[in-house]
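Summary of the model geometry
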Amino acid sequence: MEALDKFMLYTKYVRGICSVIGLDILDPDYRKGLKTYFTFFLMALYVVLTANSLLLAKGSTEILMALSFGGFFLQCLLKLIFTLAKRKQYHVNHKNLKESIYFKYLKGSEGEQCVILKNVSQLLMLVKITSLLYLSSIFLFSLYPAYMYFFRDIKVTIFPLLVPGIDIYSAYGYGFTNFIHMVIGVYGLFGALSSDTAFMMFVFHIVSYTDLLQIHFVTFAEKLSSIENKYKTKDFTAFCRHEMRELYISHREVIDFLSSLKMCYESICVVQVATCVITISLNLFLALMSDWYATYGFLLASLFQLFIYAVLGTLIQLMNDRIIKLVYDAPWHLLPNPEQRSFHFLLYKTQRPIEISVRGLGPLNVETFTEIMRMIYSSFTMLYSFIVE
């Protein structure tokens, strides 16, 4: 019961963040409301502020500063589009997750309940750390302008975005501009946090599925070995048929969950990688050309987002490898001939693992992350050499 309570707590947290921006897609009766349209309004407002800042920019550095937040904006916009397009599937995935793990094993064995509780506890810890990092970022962004205003008497806005017709050097204009920036920043933060924590929730449960599957395989192998001397009896054949059916169902649940995960998140992962690469490259150039404080914040945020997605993609690959090893190590040779054929089919299915890939780069994992960073570094050093010379 404790594991279910923690999962419901996590769900409540994710849905709470989503409801702030009007995108609680885990609600089966979700409809767009005032909060949703206010989010759309803020996105349109951001485009207007960016266009105005580009028109008023003096030099290439100010143009790049106005575009520095563009990667995050594009990321939020495309994630919003893809998420709304598949909102029903997200609800189905969440419902299946709750039923196939938490309700199904509510009265399971001690080992089954133990692994479920351990994994959901680790998930809660991960989301706490992620939320703290995300929330601290908006605090740090607003801290520097406050310091410059109160201690240096210099007016610096949170983002380099100018509101049309507003003079930031007047007391009213400065306060109003920073208020608009803060609202856009908070909504953007909630958008990124809701998307990323939901992705963590779905991907991290692959570990629970795999751990439960391992328990089933180990239990079956122990039972199979203990009654080997009854190989040709009808009871043994019936036992093997029943156990193989249960194993196939458990494996089918993992495959179906991975397939639905890939359908929902493959496009979003491409968006995540592409926008993070754009933001990192742009802000590396800004760090080279200016001493603007915010560029380092954008760099760290993009690196963290890219890295966490790569780690979660690697986690899927590791669980696929574990499943393959489980099937290979099972004592299939002790099964009757008809069940051996069923086992061969299961073995065939495991040899076609489902993983999330990034188009043109390969599977989403830490290796791909390293390759992306190598490409960014090579481009940056070449650009740096060109500027220095």
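Computed from a prediction, not measured in an experiment: that's the story for all the values here.

Here we come to unusual backbone geometry. The phi dihedral of Asp153 falls on the positive side, at around 60°, and the residue is not glycine. Looking at where Asp153 falls in the secondary structure, it is placed in the loop between helix H6 (110–151) and helix H7 (171–226). Judged by relative accessible area, Asp153 falls into the exposed class, the value being 66%.

With the rule as written, the count across this model stands at 8 salt bridges. A salt bridge links Arg245 to Glu246, with the shortest nitrogen-to-oxygen separation between them at 3.7 Å. In this structure Glu246 comes out as partly exposed when scored by relative accessible area, which is 33%. We note a salt bridge from Glu371 to Arg374, for which the minimum N-O separation is 2.7 Å. Highlighted residues: Glu371 and Arg374, both in helix H11 (residues 366–388), separated by 3 residues, approximately one helical turn.

For the rest of this paragraph, the subject is the layout of surface pockets. The volume enclosed by the largest pocket comes to roughly 1,100 Å³. What lines the largest pocket is a set of 49 residues, among which Cys76, Gly188, Leu189, Gly191 and Ala192 lie closest to the centre. Of all the elements, H7 adds the most residues to the lining of the largest pocket, at 12 residues. Residues that form the lining of the largest pocket fall into these classes: 36 nonpolar, 12 polar and 1 charged.

Further remarks concern a positive patch on the surface. A grouping of Arg31, Lys32, Arg87 and Lys88 is seen on the molecular surface, where their side chains present a positively charged patch. Relative to the helices and strands, Lys32 is located in the loop between helix H1 (2–20) and helix H2 (34–56).

Right, let's talk about the packing of aromatic side chains for a bit. Each aromatic ring pair is characterised by the separation of its centres together with the angle its planes make. Counted by the stated rule, this structure contains 23 aromatic pairs. Here the aromatic cluster, defined as three or more aromatic residues joined through ring pairs, consists of Tyr46, Phe69, Phe72, Phe73, Phe159 and Phe298.

The nonpolar side chains of soluble globular proteins are, as a tendency, buried together. Judged by nonpolar contacts, the single largest core of 105 residues is most densely connected at Phe217 and Tyr265. Ranked by residue count, the leading element in this core is helix H8 (residues 234–289), at 19 residues. If we skip the residues at most four places from it in the chain, Tyr265 touches Tyr90, Ser195, Ala198, Phe199, Phe202 and Ile356. Ranked by size, the runner-up nonpolar core spans 6 residues in total, among them Tyr134, Ile138, Leu189 and Ala192.

Looking at the protein as a whole, its pLDDT mean stands at 85, while 97% of the residues score no less than 70. The secondary structure element of the protein with the lowest average pLDDT is helix H10 (residues 337–350), at 78, and the one with the highest is H2, at 91.

Quick notes on the rules
Residues numbered from 1 in each chain as written. Predicted model: local features only at pLDDT ≥ 70, side-chain atom pairs only at ≥ 80, totals over all residues. Heavy atoms only, no water. Helix = DSSP H or I, 4+ residues; strand = E, 2+ residues; numbered from the N terminus. Buried < 20%, exposed > 50% of the residue type's maximum accessible area, 1.4 Å probe, protein only. Salt bridge = Lys/Arg side-chain N within 4 Å of Asp/Glu carboxyl O. 1 Å grid on protein atoms, 1.4 Å probe; cavity = no way out; pocket = protein on both sides within 12 Å on 5 of 7 lines; lining within 4 Å. Points joined across faces, edges and corners; volume = space filled by probe spheres on them. Nonpolar A, V, L, I, M, F, W, Y, C, P; charged D, E, K, R; others polar. Patch = residues over 30% accessible without salt bridge, like charges linked within 9 Å, V, L, I, M, F, W, Y side chains within 5 Å. Areas by Shrake-Rupley, 256 points an atom, 1.4 Å probe, with all protein chains shown as cover. Lys, Arg positive; Asp, Glu negative; His and termini not counted. Charge placed at Lys NZ, Arg CZ, Asp CG, Glu CD. Phe/Tyr/Trp six-rings, centres within 6.5 Å; stacked < 30°, edge-to-face > 60°. Core = buried A, V, L, I, M, F, W, Y, C linked by side-chain atoms within 4.5 Å. Contact = heavy atoms within 4.5 Å. pLDDT = per-residue confidence, 0-100.

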